[in-house]
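# Structural description and commentary
What follows is the residue order along each chain.
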Amino acid sequence: MVASENDSKHTNQARRMQESADPPFETTYKRLLEKVMSAPEVSGVGECELPMIDLNELKMGELSKRACKKKIALASQEWGFFQVINHGICGEVLEKMREEQAKLFAKPFSDKAAYNFSSGSYRWGTPSATCLAQLSWSEAFHVSVSDLLASPNTHNNLSSIMGQYARMVSELSQKLVDILASELGQKSDFFKENCVESTCYLRLNRYPACPILPQMFGIMPHTDSDFVTVLHQDQIGGLQLVKDGTWFAVKPNPQALVINIGDLFQAWSNNVYKSVEHRVVANPVYERFSTAYFFCPSYDTVIASGIDTCVYRSFTFGEYRKQVQQDVKFFGHKIGLPRFLLQTH
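This structure is a prediction, so every number in the text was calculated from the model and none was measured.

## Here's the deal with the overall build of the protein
Scanning the protein for helices and strands turns up 11 helices and 15 strands. The buried share among the 345 residues of the protein stands at 49%. Put simply, the protein shows about 16,600 Å² of open surface, and 52% of that area lies on carbon and sulfur atoms.

## Here's the deal with helix 11 (residues 317-331)
When the terminal C-alpha atoms of helix 11 are compared, their 21 Å separation across 15 residues agrees well with the 21 Å that a helix rising 1.5 Å per residue should span. Those residues of helix 11 not exposed but buried are Phe317, Tyr320, Val324 and Asp327. Around the axis of helix 11, the buried residues are gathered within 90 degrees of arc, so they sit on the same side. The outward face of helix 11, more than 90 degrees from its buried face, is lined by the exposed residues Lys322, Lys329 and Phe330. Its buried side turned inward, helix 11 meets helix 10 (263-268), strand 14 (302-303) and strand 15 (315-316). Of the residues trailing helix 11, Gly332 is marked for its positive phi of about 90 degrees.

## Some points on the packing of aromatic side chains
Under the defined criterion, the tally for this structure stands at 22 aromatic pairs. Taking the centre distance of 5.6 Å and the plane angle of 50 degrees together, the rings of Phe105 and Phe141 count as tilted. Of this pair, Phe105 sits in helix 5 (residues 91-105) while Phe141 is found in strand 5 (residues 139-144), placing the two residues 36 residues apart along the sequence. Looking at Phe141, the relative accessible area reads 0%, which means it is buried. Summarising the aromatic geometry, the rings of Phe190 and Phe227 are spaced 5.9 Å apart at their centres and angled 75 degrees between planes, so their arrangement reads as edge-to-face. With Phe190 in helix 9 (residues 189-194) and Phe227 in the loop between strand 7 (217-222) and strand 8 (228-233), this residue pair connects regions lying 37 residues apart in the sequence. Taken together, the aromatic side chains of Phe25, Tyr29, Phe105, Phe109, Tyr122, Trp124, Trp137, Phe141 and Phe289 make up a single cluster linked through ring pairs. Its guanidinium or amino end placed over the ring of Trp247, Arg279 lies 3.8 Å from that ring's centre, counting from NZ or CZ.

## Let's talk about the environment of Glu99
Mapped onto the secondary structure, Glu99 falls in helix 5. Here Glu99 falls in the partly exposed class, since its relative accessible area comes to 38%.

## What to know about the environment of Val311
Inspection of the secondary structure assignment puts Val311 in the loop between strand 14 and strand 15. Along the sequence, Val311 and Gln266 sit 45 residues apart, while their C-alpha atoms lie 10.0 Å from each other.

## Let's talk about the pairing of strand 6 (residues 201-207)
In the case of a regular strand, side chains alternate between the two sheet surfaces. Taken across its seven residues, strand 6 has seven buried, putting it largely inside the fold. Along strand 6, one buried face is formed by Tyr201, Arg203, Asn205 and Tyr207 and the opposite face, lined by Leu202, Leu204 and Arg206, is buried too. Pairing of strand 5 with strand 6, which is carried by six bridges, proceeds in the antiparallel orientation. Paired with His142 across the strands is Arg203, a residue of strand 6. In the sheet, strand 6 pairs with strand 13 (residues 288-295) via seven bridges, with the strands oriented antiparallel. If you follow Tyr207 over to strand 13, its bridge partner there is Arg288.

What counts and what doesn't
- Residues numbered from 1 in each chain as written.
- Predicted model: local features only at pLDDT ≥ 70, side-chain atom pairs only at ≥ 80, totals over all residues.
- Heavy atoms only, no water.
- Helix = DSSP H or I, 4+ residues; strand = E, 2+ residues; numbered from the N terminus.
- Buried < 20%, exposed > 50% of the residue type's maximum accessible area, 1.4 Å probe, protein only.
- Areas by Shrake-Rupley, 256 points an atom, 1.4 Å probe, with all protein chains shown as cover.
- Expected span 1.5 Å × (residues − 1).
- Arc of directions from axis to C-beta.
- Contact = heavy atoms within 4.5 Å.
- Phe/Tyr/Trp six-rings, centres within 6.5 Å; stacked < 30°, edge-to-face > 60°.
- Lys NZ or Arg CZ within 6 Å of the ring centre and 35° of its normal.
- Pairing = 2+ DSSP bridges.

Written as structure tokens, this is what we have:
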């Protein structure tokens with residue numbers, strides 16, 4: 001009897017070891033994948049290097065500090081994206097974060113599906129997709145930092161490094177939004193009061209190789225529903241953004257973190273800072289990893305520019321998220337800020 005139970009246990013372990021780490025994209029989305037003609041067109045995209053900001057300049061003389069802040073604000077107005085080096089997050093933490101992330105995603109798919117940090121944190125593909133252009137060839141753990149802090153020992157090494165990383169990136173985010181607020185002539189108390197560590201999110205992304213269609217989206221075109229996003233990516237590439245109506249591929253930089261402006265900051269700044277559409281294109285040969293930190297307020301925080309001639313009506317973050325979710329469910333994609341335009345615009 002004992003031998004039989006042991007044999008069964010070993011057999012189950014062997015099956016899990018043989019099971020693919022990849023989600024079942026090809027079987028789940030078989031009908032969409034047969035419609036090759038509907039594949040997204042992403043060929044002929046040029047490469048760009050994002051504006052580079054050395055945050056060490058903030059520790060120098062007043063002229064250097066002032067120039068650095070101006071560069072951050074200008075990049076946020078013209079690109080909606082920029083890179084930062086000397087950002088205060090040590091290489092050891094970034095390396096450990098990537099190592100634990102790779103271990104997590106290397107688990108068999110069935111194990112990952114049951115490996116929730118919190119309810120619904122693991123996700124893959126696009127359940128609402130009706131065509132290939134709406135399908136995201138990726139998997140992710142989208143984790144509320146409040147859940148992470150509430151159960152720091154749930155996943156041992158992984159949760160520990162995620163918590164450490166989140167605290168560091170939270171400090172960096174606060175520093176950047178304070179600068180961007182001051183460049184608008186606004187007080188930064190708003191962010192300190194409403195965007196605390198527990199209201200933010202950490203997303204661990206994996207983009208499996210996609211040899212069957214070289215133009216498959218890893219994540220479909222979108223904007224971020226936050227104030228700022230801090231991205232740590234590997235060297236595979238695939239991130240693309242819109243600049244002046246044209247798509248460009250972002251050249252990876254091993255020393256830099258990528259920062260982008262989200263919808264909430266565009267509304268709060270009354271369109272001074274730009275939340276730019278971006279996407280990820282899956283690589284036909286290599287898997288890609290990235291970690292995104294979303295700097296968000298509490299759901300009841302009111303987003304308003306405080307300017308007489310506002311472009312958008314005031315709304316709460318909770319209201320915005322609910323509208324985005326409804327639009328994705330009904331249309332298959334996000335509409336975002338245009339939903340909140342005042343009638344005069």
